[in-house]
Structure formats: C-alpha cells, structure tokens
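Architecture at a glance
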Amino acid sequence: MASIRFFCLEETLNRKPVNFNPKHERVSDYFASHVFNDKAMRAYMTKEAYKSVRSAIDLGTKIDREVADQVAAGMKAWAVSKGATHYTHWFQPLTGGTAEKHDSFFEPTEDGDAIEKFSGGMLVQQEPDASSFPNGGIRNTFEARGYTAWDPTSPAFVIGTTLCIPTIFVAYTGEALDFKTPLLRALQTVDQAATKVAQYFDKNVKKVNATLGWEQEYFLVDSALYNSRPDLALAGRSLLGHGPAKGQQLDDHYFGSIPERVIQCMQEIEFEALRLGIPIKTRHNEVAPSQYEFAPIFEEANVAVDHNSLFMDIMEKVARRHNFRVLLHEKPFAGINGSGKHNNWSLATDTGVNLLQPGKTPKSNMQFLTFFINTIKAVHDHADLLRASIASAGNDHRLGANEAPPAIISVFIGEQLSAVLDELERLESGKLSPQAKTDLKLNVVGKIPEILLDNTDRNRTSPFAFTGNKFEFRAVGSQANCAQPMTVLNTIMSAQLTEFKSEVDALIEKGMKKDDAIFNILKEYIKASKKIRFEGDGYGDEWVKEAEKRGLSNVRDTPRALDFFVTDKAMKLFIDNGVLNKVEIEARHEILLEEYQKRIQIESRILGDIAGNHVIPTAIRYQSTLIENVQRLKDVFDEKSFNQMAKEQLDMISQISKHISVIIADKEAMIEARKKANALADTRDMAIAYCDTVRPYMDSIRYHADKLELMIDDELWPLAKYREMLFTR
Ligand code: ADP
Ligand code: MG
C-alpha cells in the first residue's frame, strides 16, 4: 500500500479546526496597531522630526541627517513599546519575494553594560551583503555591494519582535535591483504629468496619486497532502495528476459557504493583516474547489504594493498554523481555474477627486473623459509592454486558458461608454460651433453619470476593463509582485498625459479655447485607439482571429513576451520618463528570462524524478500483480476459458508497458533537451529552448502518467490525488 499518501490522508481527515480567538472584538481596536503611522509618529516624534517626515511623504523632500536621528529615536521608542528587539530593512528584490536581515538594537557599552541603539544612519541606509540577489550582471562580484535606503512614503511596521523598515534596494553604482525603485519613479512621473492635466480643470490640484486595490486569489491545501507531493512542495504546482470526476462544473464553490477550518485560518490572516494596517475588507470562495480570495480597500499604489507583498508573506505563515499550505501559483491544478491578482487602478488628486470617477457636472465629466480616454490611448500605444509586465512561467499556464483573459491586451469599457465615445468621435474638428457644444452637453458630458449607475454589463473576460470608477487590470498573475505591472501602467500613463498636455497646449497657443482644444485632441485619440477596444467574449477563438486581423499581438509565452521590454520604443519610454535606464532595463530583461528558464528547469527535474521514482515503479508493481493473476488463471483454466478471461488483463498489461516506455523515452529525451539548452550561451536563447524543447516533454510525460493513475489500483498510487487535495479539508 502507498503508505505516505494514506498516512497523509488520515492526518487530513482527522483534522479539527484550529480555533482563532482574537482578544479584540472590533477591528477599530487593533487596526494598524503595529504600524508607525501618522498617529504613532505624532506621539513618538519631536515636532521637527514629524514635520520633516510628513513633508518627505507629501512633497518628496529630503530628510537631513540630524533630523533622521530624531526620527530613528522616535521610531525605536515606538517599536520597543510594541515588543521589538530587532530591526530590519525590508525590501523586494527581483526574486519575487521579500528580503529581511535582522539586527538587534542592542549595543554593548564601554563599561560592560548594554544599551538599545538605533541611529538615523541605521534608519536611512544599510549595506546588506547582497551578492546573491538577482542582478542581471549589474554587479560583478568584486563590486558586489548594494545598499538599501529608507522609503518614508511607506510606513514602518513591527512583526513579532522586529521593526521592519520599507526600503529600496540599489546597486552601489545606483542602478535599481528591486521592484520598488522603478515603481517610485513611475509614481513620481505620473504624478507630475497627471497634475498638469488635472490643473486644466482645477488649479488647486498639487499632487496626483495612483491608487491600487488588488484582489488576491489563492488555494488552500492541507499541509499533510501538500507534503506528500514533491511537485507542490518544490514547484508550487502539481506537475501531474488526473482531473477529479467532479471539479467546478456545478459552479457550487463560488461564493459558497466557507468551511470551518478555512474560516478560522482566514480570520487569523485578516487579524494579522489588519494589525499591520492592510485594510482587508473582503473574503470569499472563488470558482475552483479550495480556491479563495482576499481583497483590501484600495490605497496609494506604493503602499498597496508593499501591503500585497507583506500580505502574501502573512498568508503563508498563518496558513501553516492551521495545517494548511497556501498555493499562490497561477495554475496549481491543470484543468481547474487558475489564480490571478486583479489590479484595480485609478488616479486620485490631493483634493480628493478620483480622476476616473464620472462627475455630476459637465466640467467634471470632461475631466473624467480626459483621463478615461488617455488611459485607453496609453494602453493602445503600449499594449505590448503591459503584456510583458505580467509575463511569468506561472502566468503562461493561466492566460488564455479559458478562465483567464488571453495574452491579447484589449480594453473593455461597456456599451454606454462606447456610445459616448462614438458621439465624441463624430464631433466636427476645429473650433466647436454653438450647435456642436449643445450636442456635446446633451449627448456626451451630460449623459455620463446616469448611464454609469446602470452600467452592469461587466465583462469578466477582458484583461483591462473599466469598472465604473477605475480600470481593472485582470491579467496579473496571483504570485506576481504588483509593482511591475503598476510601474508599466503608470509610466505609459505619464507619457500619454504629457503628450496630451503638449498637444492641447499647442492648439490653445494657436488661439483655440481650452475646452475646444481638449475635445479636439480626445476625438483624435478615440479614433487612433479604436483597435484596442473590445466588448465581446475575450475567451473565445473568434477573438483570437479578430485580434490578429486588428494587428494586436498575442504572444503566448514568457520569453517572447519579455522581448517587448527591450524594444527601442520601450527603452525610450522608460528612459524619457526616468523610470529605468538602459542598464537597468537590460538587467531586468536578463533576470526575468533567467527566472523563467530556472523555473522550467526545476519543474522538469521534479517531473523527471516523480515519473522515474514514483510513477514507473508503481506501474511496474501493479503490472506484476496483473501478470501474476494471468499466470494463475492459466494454471487453473483450459486454454479456451483462459483466453476469454485473461483478455482484459493482458490488454492492460500491454497498455501499462506502452505508457511506461513513452514516459521513459520522454524522460531521457527531456534530459537531452535540457543539456542542449544549458549549453546555450545567450540567456534568451536558453529560455526559448526551455520553452520550445523542454516543456513539450513535460506535457507528454504528464499525459501518460495521468493515464496510468486512472488504471492503477488506488491502494498503490503514491501521490495524493486531485480529488483529495481539492476536496479534503
Ligand atoms: P470586484 O471586481 O470583485 O467586483 P470591487 O468592485 O468591489 O470588486 O472592487 C475591487 C477592488 O477595487 C477593491 O480592492 C477596491 O478597493 C478597489 N477599488 C475601488 N475603487 C478604486 C479606485 N478608485 N482605485 C483603485 N482601486 C479601487
Ligand atoms: Mg475584480
């Protein structure tokens, strides 16, 4: 009998919910209690230090060293009051995870005593030994130094006994080695560009923040079953396993009642998150069995990105306390819905206006239309770059797999807004006549608020959809760091708004009225960006054909999608907007290709191991039982009866042999393909070789292994089955 699998199943079946009893009843009692936020800063810092940090957050001013000492002293006193003994610079290297190295506050004194010390210097900058983070060739080994620098716009927090200080991570020569640095630069450039455009409508606007609300999908699997599967444990997804008879076809999981063990786990995750100021608001079952979602209230994008990284970390830690493992992979189970992370995005002014919120007056609607149409134009002009921003080995399994948007970027805006844009497009060019102005009022800017109220035709199949007062970028993968798509989206928006401003100003200079100029340019943008708009079913084959006719890209795999990062157009965009320089772009491209190649390599090795050491021995064992049975039948019966009775067994014996021999042959060929790929000198060539020549063997091995799973005695099968992982909790 397959002892590990059954032992794990028994463990799982005997589980009781791990009760979570928070000491508090109301969220307001503990929300952000472990965050060095405005309230804590006021309480623990000198007036001067507080003012200086506030101005760094609001206006991006620098904090001088002396004040930094005061800030550090306040931060330390606060952290110690929360039980902190250590501090760390917390950053997001290009591994996709978060990094931390804890140092104690403790410092010995000359007289043999000890004090708790934390200076401004320790707060502002550190030099972690960072030689083993991905760097894409930026740091050669003798210049392996990198440094982390405090980001005052994202508040410090205490986890356990450690004060965590959000930081950027850069090479000693200044190039970004993390996700946060380019994000901050993108947010700065979009702020500048959007503020200038917003000032057409309101002179009081001084700052525009990008906002982000992420929706995190994930699976929970019992930890015993998880540990029985080397593929889940090492690759985060199952590399083989036959689909269960019952999957999601009855649609009985979505928004269903949440199992007790799961709800206890969710509550503890929420508690930890809320204490850290992550405003988690929503939790529910997702479409697939054992799939769930969390969503917070949206926040300023940089803070929201940090919060998502932190949240993924919390989920993993807390789930273990409930004997679960969180699967953040985009496709943990073939044939079952994958997981995404919708990025809800908008722009908000410091005067409290959501620039993608239709207003009550024609003027505010003109502002809405301006930002709305510029977003569509930005996505139209840089769709390929958006595609690249969400490319990963995991997301390749999800995009276009009939439950997620395809790899084709398009924008959905709904029937009514489409009609508004059509009206606008019909406007005459040049100076608007009184008649045109009346039409505009009646049919365009006057109509928006009422139509949006009943704008319920949300299209779930679009990768980039307008949902009433924000755009929702749905193609982002569940384990991705949101920083990358957010960096690209805000950069293209910045470039677009800058272009818009200069075109409108040019018309104004020629003597056109401001409103007329704005409408003239918007009208041109509507025309120019038409092909990116798609209102139909994004999951259908029809769209693939239609998109091709329109000249939209449909790049299905990561290594080729990443090419869009290094086109001349992308280089110019990143460089002109001060988001990434040439060295940084090339390094990032290299790192992402390398990550892709390594992930496929790891998966391929794991599958080779499971096929060779688990599947084939089991198949042989079962085949031997069949052979034994046949031999005995032969002993007992005459030839005619035997031939009749042993027919099926004999057939199974030969089928098993066939599957075994294909698996062995594919496994050998896969190893050869890896060797060949590994010999390639160029990273891109290697990634493409893994994609085109290694991956297909994995599909074939899986196909035959899954067939064997169906044939072989359940008692012998060593790996937890899909139905067990998905339905036992
Ligand atoms: P769903 O897409 O599942 O219907 P909701 O419409 O409730 O979900 O919103 C999803 C997310 O969008 C939430 O995280 C919410 O905070 C976020 N959101 C709402 N308004 C904005 C905005 N102006 N900017 C960014 N995110 C927003
Ligand atoms: Mg959504």
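Quick caveat, the model's predicted, so the values are computed rather than measured.

**Topic: the overall build of the protein**
In terms of helices and strands, the protein carries 27 helices and 17 strands. Compactness check: the protein gives a C-alpha radius of gyration of 29 Å against a globular reference of 27 Å for 729 residues, within 12% of the reference. Across its three principal directions, the C-alpha atoms of the protein cover 105 × 85 × 55 Å. Counting across all 729 residues of the protein, residues that qualify as buried make up 49%.

**What to know about the site of ligand 1**
Around ligand 1 lies a shell of 16 residues, among which Thr211, Gly213, Phe298, Asn344 and Ser346 are the nearest. Going through the elements one at a time, strand E9 (208-222), strand E11 (291-296) and strand E14 (341-349) are the ones with two or more residues in the shell around ligand 1. Examining the composition of the shell around ligand 1, we find that four residues originate from one element, E9, more than from any other. When its residues are assigned to classes, the shell around ligand 1 shows six nonpolar, seven polar and three charged.

**Comments concerning helix H12 (residues 362-381)**
In this model, H12 (20 residues) spans 28 Å end to end at C-alpha, consistent with the 28 Å of a helix rising 1.5 Å per residue. Summarising burial for H12: 16 of the 20 residues are buried, a large majority.

**Re the domain arrangement of the protein**
What the domain assignment lists for the protein is domain 1 (31-178), domain 2 (187-580) and domain 3 (595-727). Placing the centre of domain 1 and that of domain 3 at their C-alpha centroids yields a distance of 51 Å.

**A short note on the pairing of strand E6 (residues 146-150)**
On E6, burial follows the alternation: Gly146, Thr148 and Trp150 on one face are buried, whereas Tyr147 and Ala149 on the facing-out side are not. As paired strands, strand E5 (residues 125-126) and E6 are joined by two bridges and run antiparallel to one another. Among the inter-strand pairings, glutamine 126 is bridged to a residue of E6, identified as threonine 148.

**A closer look at the pairing of E11**
In terms of residue burial, E11 counts as a mostly covered element, since five of its six residues are buried. Here four bridges tie E9 to E11, and the two strands are oriented antiparallel to one another. Each bridged residue has a counterpart across the sheet, and for phenylalanine 219 the counterpart in E11 is glutamine 291. Two elements, strand E10 (residues 280-285) and E11, share five bridges in a ladder whose sense is antiparallel. Bridge pairing links histidine 284 to glutamate 293 in E11. Between E10 and E11, which pair antiparallel one after the other, the connecting turn spans five residues, and serine 290 there sits at a positive phi close to 65°.

**Observations concerning the environment of lysine 101**
Among the secondary structure elements, lysine 101 is positioned in the loop between strand E1 (86-90) and strand E2 (103-104). Among the residues examined, lysine 101 registers 14 C-beta atoms within 10 Å and is labelled partly exposed. A sequence separation of 63 residues divides lysine 101 from cysteine 164, and the C-alpha atoms of the two residues are 9.7 Å apart. Apart from the residues lying within four places of it in its own chain, the contact partners of lysine 101 are Thr88 and Pro128.

**Structural notes on unusual backbone geometry**
If a residue is not glycine, its phi is most likely negative; likewise, a peptide bond is most likely trans. If you check the backbone angles, serine 290 has positive phi at about 65° while not being a glycine. By the element assignment, serine 290 lies in the loop between E10 and E11. Given 24 C-beta atoms within 10 Å, serine 290 falls into the buried group. Even without a glycine there, the phi angle at asparagine 323 is positive, about 60°. Looking at the element boundaries, asparagine 323 is found in the loop between helix H11 (301-321) and strand E13 (324-327). Accessibility expressed as a C-beta count within 10 Å gives 20 for asparagine 323, which makes it buried.

**Observations concerning the environment of aspartate 231**
Turning to its location among the elements, aspartate 231 is positioned in helix H9 (residues 230-235). It is 9.7 Å that separates the C-alpha atoms of aspartate 231 and aspartate 609, two residues lying 378 residues apart in sequence. Excluding its chain neighbours within four sequence positions, the residues that come into contact with aspartate 231 are Arg237, Ser238, Leu239, Ile606 and Ile610.

**A look at the packing of helix H25 (residues 647-678) against helix H26 (residues 683-711)**
Contact geometry of H25 with H26 gives a least axis separation of 9 Å together with a crossing angle of 165°. By the criterion of interaxial angle, the relationship of H25 to H26 is roughly antiparallel. Crossing of H25 against H26: the hand is left-handed. Along the lines of polarity and charge, the residues of the contact of H25 with H26 split into 17 nonpolar, five polar and five charged.

**Description of the packing of H12 against helix H19 (residues 514-528)**
Relative orientation of the contacting elements H12 and H19 amounts to 30°, with a least axis distance of 10 Å. With respect to their mutual orientation, H12 and H19 come out roughly parallel. Remark: the crossing between H12 and H19 carries left-handed chirality. Seen from H12, the contacting residues are Met366, Leu369, Thr370, Ile373, Asn374 and Lys377; seen from H19, they are Asp515, Ile518, Leu522, Tyr525, Ile526 and Ala528.

**As for the environment of aspartate 64**
By secondary structure assignment, the location of aspartate 64 is in the loop between helix H4 (47-59) and helix H5 (65-81). The class of aspartate 64 is exposed, set by 10 C-beta atoms lying within 10 Å. Separated by 60 residues in the primary sequence, aspartate 64 and valine 124 have C-alpha atoms spaced 9.9 Å apart.

Reading guide: rules and limits
- Residues numbered from 1 in each chain as written.
- Chains lettered and ligands numbered in written order.
- Predicted model: local features only at pLDDT ≥ 70, side-chain atom pairs only at ≥ 80, totals over all residues.
- Helix = DSSP H or I, 4+ residues; strand = E, 2+ residues; numbered from the N terminus.
- Rg over C-alpha atoms; globule rule 2.2 N^0.38 Å.
- Buried ≥ 20, exposed ≤ 12 C-beta atoms within 10 Å, placed from the backbone.
- Near = placed C-beta within 6 Å.
- Nonpolar A, V, L, I, M, F, W, Y, C, P; charged D, E, K, R; others polar.
- Expected span 1.5 Å × (residues − 1).
- Domains from an automatic or database assignment.
- Pairing = 2+ DSSP bridges.
- Contact = placed C-beta atoms within 7 Å.
- Axes fitted to C-alpha atoms, helices over the stretch in contact; angles between N-to-C directions.
- Parallel < 35°, antiparallel > 145°, perpendicular 65-115°, else oblique.
- Left-handed = near helix turned anticlockwise from the far one by under 90°.

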